[in-house]
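Below are the chains, spelled out letter by letter.
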Amino acid sequence: LDVVSLNLLGCSMLPEIELEPAEGCLDIGYTLVNQSVKSSFSIINKGGFLLDFKIQKLHSGQSNLSETPVFNCFPSKGQLKPFETQRIQVEFNPKIASEHFFELIEISLPNQKDTKKLFIRGAAFSDGFFITNKFIFSKAKFEEMIQNLSTQNIFNYCNSSGTLLI
């Protein structure tokens, strides 16, 4: 019996993805309680083969105190072709007022070496809040306040959701 030894050389094909935003944080911003805001991020397949991905929640902050999740990612799983980009829609749907809504998610891939994580955050207020040059009211609060104004021209400075531009 002859024994043959072979030294094999090669490189592994580990999956590699990139996220946008690259800094690892998606700040959705502010909204009113019981309203939703949408934002998005991208998963980019940097390798030359098909990848299956799944978005998993690792940690979270303030909850809605109900069964309704604060953040939803669509799609939460799927396949990426080589060098393809998948846009993930994130919906922020707060049911209570808090500035402490956050979620740390991981984009999970089979056989991945380095995991990619994304920190998502948002805040919700019950009524009327100031952001830089905007004052935002609920529709009911806005209608109540408009009666106290001497002119109806204020509607020229508002959009359909009740945002008053100063």
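By convention here, each chain's residues receive numbers from 1 onward along its written sequence. Since the coordinates come from a predicted model, pLDDT governs what is reported: local features require at least 70, and pairs of side-chain atoms require 80 or more to be given and counted, while whole-chain, interface and lining totals use all residues. Excluding hydrogens and water, the side-chain values take into account all heavy atoms of the structure.

Chemist: I tried to follow the sheet that holds strand β1 (residues 17–20) on my own but got confused; where do I start?
Modeler: Backbone hydrogen bonds are what pair the strands of a sheet, in a parallel or an antiparallel way. Here, strands pair whenever DSSP counts at least two bridges between them. Every helix listed is a DSSP run of H or I at least four residues long, and every strand listed is a run of E at least two residues long, numbered separately from the N terminus. Taking strand neighbours across the sheet as the criterion, the four strands line up as β1-β3-β7-β5 in an open arrangement whose pairing is antiparallel. The sheet is open, and its two borders are formed by β1 and β5 (71–74), each paired with just one other strand. Across the sheet, the mean angle separating the axes of adjacent strands is 25° when strand polarity is ignored. As paired strands, β5 and strand β7 (residues 85–92) are joined by four bridges and run antiparallel to one another. Note on β7: the bridge partner recorded for Phe71 is Phe92. Under this scheme, a helix contributes an axis fitted over its contacting stretch, all axes are lines through C-alpha atoms, and angles between N-to-C directions fall in the 0 to 180 degree range.

Chemist: Just to check I follow, could you spell out the nonpolar core for this structure?
Modeler: Across soluble globular proteins, you tend to see nonpolar side chains buried next to one another. Throughout, nonpolar core names a set of buried Ala, Val, Leu, Ile, Met, Phe, Trp, Tyr and Cys residues whose side chains join them through atoms within 4.5 Å. Note on exposure labels: buried denotes an accessible area under 20% of the residue type's maximum, exposed denotes more than 50%, and partly exposed covers the range between, all computed with a 1.4 Å probe on protein chains only. By size, the foremost hydrophobic cluster in this structure holds 24 residues, and its most contacted members are Phe41, Ile43 and Ile107. Counting residues per element, the ones that place at least two in this core are β1, β2 (25–32), β3 (37–45), β4 (51–60), β5, β7, β8 (98–108) and β9 (116–125). Leave out the neighbours within four places in its chain, and Ile43 touches Ile17, Glu18, Leu19, Phe53, Leu80, Glu84, Thr85, Gln86, Ile88 and Ile107. In this analysis, two residues are considered to be in contact whenever any of their non-hydrogen atoms come within 4.5 Å of each other.

Chemist: Would you mind showing me how to read unusual backbone geometry here?
Modeler: With glycine set apart, most residues show a phi of negative sign, and most peptide bonds adopt trans. Of the consecutive residues Glu20 and Pro21, the connecting peptide bond is found in the cis state with omega at 15°. Looking at the element boundaries, Pro21 is found in the loop between β1 and β2. Of the consecutive residues Phe74 and Pro75, the connecting peptide bond is found in the cis state with omega at -10°. Inspection of the secondary structure puts Pro75 in the loop between β5 and β6 (77–80). Of note, the phi angle at Asn34 is positive, near 70°, even though the residue is not glycine. With respect to the helices and strands, Asn34 occurs in the loop between β2 and β3.

Chemist: I'm lost on the environment of Ser39 in this one. Help?
Modeler: With respect to the secondary-structure elements, Ser39 resides in strand β3. Through-space distance from the C-alpha of Ser39 to that of Ile88 is 8.6 Å; in sequence the pair is 49 residues apart. What Ser39 contacts, discounting residues up to four positions off in sequence, is Leu26, Ile28, Ile88, Gln89 and Val90.

Chemist: Sorry if this is basic, but what is going on with a nonpolar patch on the surface here?
Modeler: Patch rule: a residue counts if its relative accessible area is over 30% and it has no salt bridge; like charges are joined within 9 Å, and nonpolar side chains (Val, Leu, Ile, Met, Phe, Trp, Tyr) within 5 Å. To measure how exposed things are, a 1.4 Å probe is used in the Shrake-Rupley method; for residues, cover is taken only from the protein chains shown. Here a salt bridge means any side-chain nitrogen of Lys or Arg lying within 4 Å of a carboxyl oxygen belonging to Asp or Glu. Judged by side-chain polarity, Val4, Leu6 and Leu8 come together as a nonpolar surface patch covering roughly 400 Å² of accessible area. Within the element layout of this structure, Leu6 appears in the segment before β1.

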